[in-house]
Amino acid sequence: MTSAPEAPALPESLISTLPGHFYTDPAVFALEQEKVFEAMWFCVVRSADLDKPGAFKTVTVGRESVLVSRSRKGDVRAFYNVCRHRGARLCTEESGEVRRSFQCPYHAWTYDLDGKLIAAPNLTKMPDIDRQEYGLTKIAVREWLGYVWVCLADEPPSFEDTVMQEIVDRLGDTDSIDHYTIADLGLGHRKVYDVKANWKLIIENFMECYHCATIHPELTEVLPEFADGYAAQYYVGHGAEFGDDVRGFTIDGSEGFDHIPGVGEDMDRRYYAITVRPQVFVNLVPDHVIVHRMFPMAEDHTIVECDWLYMPHVVESGKDVSHSVELFHRVNSQDFEACERTQPAMSSRTYRNGGVLVPSEHHIGEFHNWLQGKPPE
Ligand code: FES
Ligand code: FE
């Protein structure tokens, strides 16, 4: 018989991580789906991707498929992607466009772009059916920073006190992020990563820079202070400064693109990373913004969609943004490879009690406390 080593009393420099099963147990993941992804504001699509009335996307939020679309008046709407008749999945495509209604492929119940039931075989012979009542079930929606956020909770938490507060906690206010005019930027590039790792490994990795010197040679060239391993991004208002000879946030430090005009001198030549729990990372540099959205699919599988956003004229001009995109694409690939290397070891008996966090990672303990509903220390 072998058993997990007894958790030793930790020296002061170390605090413990979550135990291994938090990253492998389907029951833990199911609880997170219910208590986190289906309870909090969850960032689903970029508003501009719904570019006209009838444009739609389907996304996975917790255990639900959500249909996000634009109404005839141009507003964004979100519905459960479930037909109110006998529950068929209404839309099976990841994205598409309808002219004026969604029709269920099973018995042809038809809903307008506001979700109201407008037609069904023999509907006129059932005058007692309330067409609003039997319309698609609506989901709470907010738009901010050019993205659509939904909340499946019956009583959504305050958007201001959760999502917006995360930005305030990081930058000191929301004005600073407003200067980047993210909603007005254009999409220069998008990559989708299929990561065979638990979503928490991806968040924990993003929150620390202890690994930067080991796995991010290109990033530490551009941001030399990251080589020290301290997550400078977690001091309120601090942005990591570009190296002296670095001209732009690019793979080789060469010149980037036209700066976003609102970005003042105090935020120039700096990189800011922000974690918006539970599934968004925002990265700010003077000439572009990188937004990651995570879609946790299983305890060992997360899809990450990453957008590179530039001034609209940069995108429209067709300029080659690959030097710029390549830097963070490489960072993403290095990070996700590290997460995938870690995931299989989470079920090792020697990790039953978890691992440890060094001082420059201690703030990750706050994430663990938050996840377990413990008050902040
Ligand atoms: Fe959709 Fe019957 S299940 S119309
Ligand atoms: Fe990293």
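The structure presented is a predicted model; accordingly, all values stated were derived computationally and were not measured. (Residues numbered from 1 in each chain as written. Chains lettered and ligands numbered in written order. Predicted model: local features only at pLDDT ≥ 70, side-chain atom pairs only at ≥ 80, totals over all residues. Heavy atoms only, no water.)

A. Quick look at the overall build of the chain. Secondary structure summary: the chain contains nine helices and 18 strands in total. For 377 residues, the compact-globule formula gives about 21 Å, and the C-alpha radius of gyration of the chain, at 23 Å, lands near that figure. C-alpha extents for the chain along the principal axes are approximately 75 × 65 × 30 Å. Within the chain, the fraction of its 377 residues that count as buried is 50%. The long-range share in the chain, meaning contacts at least 24 apart out of those at least 6 apart in sequence, stands at 64%. Only carbon and sulfur atoms are counted for the fraction: they give 49% of the accessible area of the chain, which is about 17,800 Å². Side chains of the chain carry 35 positive and 59 negative charges; the gap between the two charge centres is 10 Å. (Helix = DSSP H or I, 4+ residues; strand = E, 2+ residues; numbered from the N terminus. Rg over C-alpha atoms; globule rule 2.2 N^0.38 Å. Buried < 20%, exposed > 50% of the residue type's maximum accessible area, 1.4 Å probe, protein only. Contact = heavy atoms within 4.5 Å. Areas by Shrake-Rupley, 256 points an atom, 1.4 Å probe, with all protein chains shown as cover. Lys, Arg positive; Asp, Glu negative; His and termini not counted. Charge placed at Lys NZ, Arg CZ, Asp CG, Glu CD.)

B. The arrangement of the packing of helix α4 (residues 199-207) against helix α8 (residues 322-342) in detail. Two numbers describe how α4 lies on α8: the axes approach to 10 Å, and their chain directions differ by 130°. Considering their axes alone, α4 and α8 lie oblique with respect to each other. Helix-helix and strand crossings are classified by hand; for α4 and α8 the assignment is right-handed. Packed against α4, whose contacting residues are Leu201, Ile202 and Asn205, the element α8 presents Asp335, Phe336, Cys339 and Thr342 at the interface. Considering only residue class, the contact of α4 with α8 consists of four nonpolar, two polar and one charged. (Axes fitted to C-alpha atoms, helices over the stretch in contact; angles between N-to-C directions. Parallel < 35°, antiparallel > 145°, perpendicular 65-115°, else oblique. Left-handed = near helix turned anticlockwise from the far one by under 90°. Nonpolar A, V, L, I, M, F, W, Y, C, P; charged D, E, K, R; others polar.)

C. Quick peek at helix α9 (residues 364-371). Of all eight residues making up α9, six are buried, and the element is well covered by its neighbours. All of the buried residues along α9 are Ile364, Gly365, Phe367, His368, Asn369 and Leu371. On the buried face of α9, the contacting elements are β1 (15-16), α1 (26-37), α4 and β18 (356-357).

D. Up close: the layout of surface pockets. Its volume calculated, the largest pocket comes out at about 560 Å³. Asn205, Glu208, Ala338, Thr342 and Glu361 are the residues nearest the centre of the largest pocket, which is lined by 22 residues in total. The set of elements that each furnish at least two residues to the lining of the largest pocket consists of α4, α5 (212-215), α8, β18 and α9. No other element matches α8, which puts six residues into the lining of the largest pocket. Taken together, the residues that form the lining of the largest pocket break down as ten nonpolar, seven polar and five charged. (1 Å grid on protein atoms, 1.4 Å probe; cavity = no way out; pocket = protein on both sides within 12 Å on 5 of 7 lines; lining within 4 Å. Points joined across faces, edges and corners; volume = space filled by probe spheres on them.)

E. Structural detail: the environment of Gly256. Mapping Gly256 onto the fold places it in the loop between β13 (240-241) and β14 (270-276). Accessibility expressed as a relative area gives 18% for Gly256, which makes it buried. Sequence separation between Gly256 and Cys339 is 83 residues; the distance between their C-alpha atoms is 29 Å. When neighbours within four sequence positions are excluded, Gly256 is seen to be in contact with Gly248, Thr250 and Asp287.

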